[in-house]
Structures are given as C-alpha cells and as structure tokens.
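# Coordinate inspection notes
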Amino acid sequence: MTVLVEHYVTDSRIEEKKTKEERGDGGFMVPKSKETDEFDAPDINFLGHSFRDYENGESERQQGVEEFYRMQHIHQTYDFVKDMRKEYGKLNKMEMSIWECCELLNNVVDESDPDLDEPQIQHLLQTAEAIRKDYPNEDWLHLTALIHDLGKVLLLPEFGGLPQWAVVGDTFPVGCTFDPASIHHKYFKENPDNNTPKYNTKNGVYSEGCGLDNVLMSWGHDDYMYLVAKQNGTTLPHAGLFIIRYHSFYPLHKAGTYTHLMNDEDREDLKWLHVFNKYDLYSKSKVHVDVEQMKPYYISLINKYFPAKLKW
Ligand SMILES: O[C@H]1[C@H](O)[C@@H](O)[C@H](O)[C@@H](O)[C@H]1O
Ligand SMILES: [Fe+2]
Ligand SMILES: [Fe+2]
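Residues numbered from 1 in each chain as written. Chains lettered and ligands numbered in written order. Predicted model: local features only at pLDDT ≥ 70, side-chain atom pairs only at ≥ 80, totals over all residues. Heavy atoms only, no water.

Going by an unreviewed UniProt entry, the chain carries the name Inositol oxygenase and comes from Brassica cretica. Under the UniProt heading Catalytic activity (unreviewed entry), the entry covering the chain gives this text: "myo-inositol + O2 = D-glucuronate + H2O + H(+)". For the chain, the Pathway (unreviewed entry) comment in UniProt is given as "Polyol metabolism; myo-inositol degradation into D-glucuronate; D-glucuronate from myo-inositol: step 1/1." (UniProt positions renumbered as here; feature names shortened; annotations may be inferred.)

And the structure:
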C-alpha cells in the first residue's frame, strides 16, 4: 500500500512542477477525475435533519448551536483576531507529533456542529477515509483531511481552554463588512466592528483582489492549524494549506461571497476546497472508524509530510 501511494504522489508532484503549457490546464492543477464512483452524499444527518440546518431550532442541540453563533458573532472582532494570531503564532504551548494531536481530539466535542456529536478523532478519520476511497492517488488530500480540524485542541486546558466561539464554527473575514451569507447573521449587530467605519465597508481595511492570505479570518481551529502546519515546515501542497485555512469559510465556498478579495491562486485552490468540503460535511456519521487499524497508513503520510515533532 505505502509503495503504491509513494508512486502516485511522486507523479502528482512532477505534474505540479510542469509549466502550464506542459500540463495544458491553464496554469493550475485541476482536481483529477475519480477512479471510483462519486461519493454518495446522504440526505439526512444522524438526527434525521438535513445537513447544516440552522433554521429549525426545535432541538436542544440546535438551540445550543444558535447560542454558539450569537457569542461568536459578538466577540470576533478585528482586534481580537490580531491578538490571537500574535499569541498563538508563537507556537509555545506544546511539542508533539501530528498523531499525538489526533489522539487528543478524542476528548473534544464541537458544540457548533448540528450534524455530529461524536469525538472529533472520529470525524477526522471518517473524512479522510471517505476522500481516500474516491481519490486514492492524492495522498496529500487524505492527510489534509486527517489534520484539517486538529486546531480544535485550542479548546483543551493545555492550550488555554479557549471558549467554543473562539475555536469552532463557520468563519468569516474581519476588518470588512459581515456578509449576510454567514449563518445567524443578525447577531453581528452587536459586534463593535459593525459600527466602526473603517471596518464596515465592502473592502474595509483590504483592497479588491488582495488575496486571502492578506485577509484576517475570524479566529479558530482553521487559522491556528494553518499556522502550525506552515511554521513547522510541512511539505503539503499549497492547496492542502488552503483547505485547512478556509474549510469553515462557508460564506465563500458555499455562498460565493467575498470573492472580490481573492486572487488567481485562491481561485485555483478553491477548486480543491470544493472537492474537500463534500467529504468533510457528508461523511459525518455514527459509524465509527477503527482508529488502531487506520493508524499505520496515516502515520506513513505524517512521516512523509511533517517533522516527527511539531511546535504547537
Ligand atoms: O460546526 C462546524 C465545525 O466547527 C467544523 O469544524 C467547521 O469546519 C464548520 O465550518 C462548522 O460549521
Ligand atoms: Fe473544521
Ligand atoms: Fe471537519
């Protein structure tokens, strides 16, 4: 298995190095066609509701989700994000391997998610295994799926025990107007930035086409894991880092808003994020993956793309 996977990845890296003329794809790696059948997205989640149903607030869980977004929208300001990036960008909380971090997620449940109340390690493996089935050659995508939510360790006491609103949930840019595409948008009314002229216009502190790298996103597990992966020198392709940083940015990848801030590279990477999102969302289920059985495969990918120990 490992030998085969190595072989595929070598191929795809060679592809990336070719010029756009050689590849004939207009300058970017297009998601390759899958070798197996299209992922079969279920219609309903474990509670019998449609996925990402934020309107039907009857169940206790959904009321908790709405309260979560009220807190998130009030507290995520430009200054808050800047402070958190500065503090957590120091990566001085802990040293551990990627797999050790996966195991820590055994103790983490995400209160913003109406579709899953399982320990997060199950979500990581469910996502990774589902995408691996349909994209067997893209081992970087399997690993991206495995690690995309590791930033949720910010909830744990060793990482400062941040409140849920500072770790999980959909994300959005700060420093410019809050687009109505964000779920429970009404709660932004109480966010101080909403009444601050430099932050409440379409472009705010940014300029058209500046590129998402230059945009501050609401603080949480996405941006934190992006910083961890990048600053520890991962060799994952750019699209993998893009998926990690923006996978909760539903206003962009689902609703198509904020596209005026993107540059050409973002538009290329967004294609992979669209592929990834389907697996992230629809693989959520009560059927557990056997962690120990999966371990050897994912350890081999971790060794390929990350140092043995990372700073967190
Ligand atoms: O509630 C979920 C959860 O926090 C996910 O990890 C995040 O990526 C989603 O965007 C969000 O809706
Ligand atoms: Fe996430
Ligand atoms: Fe996820």
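Glancing now at the coordination of the iron ion (ligand 2). Around the iron ion (ligand 2), the protein contributes the donor atoms Asp149 (OD), His221 (NE2) and His247 (NE2), at 2.0 to 2.2 Å from the metal centre. Donor residues for the iron ion (ligand 2) sit on one chain with the sequence pattern D-x71-H-x25-H. Between the two metals, the iron ion (ligand 2) and the iron ion (ligand 3), the spacing is 3.7 Å, and aspartate 149 donates to both. Taken together, the residues aspartate 149 in the loop between helix 7 (139-147) and helix 8 (221-231) and histidine 221 in helix 8 connect sequence positions 72 residues apart. Side by side, aspartate 149 and histidine 221 carry an identical accessibility label, which is buried. (Donors = N, O, S within 2.8 Å, 3.2 Å for Na, K, Ca; no water. Helix = DSSP H or I, 4+ residues; strand = E, 2+ residues; numbered from the N terminus. Buried < 20%, exposed > 50% of the residue type's maximum accessible area, 1.4 Å probe, protein only.)

Under the definition given, this model contains 18 aromatic pairs. Taken together, a centroid distance of 5.1 Å and an interplanar angle of 75 degrees make the contact between phenylalanine 51 and tyrosine 282 edge-to-face. One end of the pair, phenylalanine 51, is in the loop between helix 2 (20-23) and helix 3 (60-75); the other, tyrosine 282, is in helix 11 (residues 264-282), with 231 residues separating them in the sequence. Here phenylalanine 51 falls in the buried class, since its relative accessible area comes to 10%. Judged by relative accessible area, tyrosine 282 falls into the partly exposed class, the value being 26%. Residues tyrosine 135 and tyrosine 279 carry aromatic rings whose centres are separated by 6.3 Å and whose planes lie at 85 degrees to one another, so their mutual orientation is edge-to-face. Of the two residues, tyrosine 135 sits in the loop between helix 6 (120-134) and helix 7 while tyrosine 279 sits in helix 11, which places them 144 residues apart along the sequence. (Phe/Tyr/Trp six-rings, centres within 6.5 Å; stacked < 30°, edge-to-face > 60°.)

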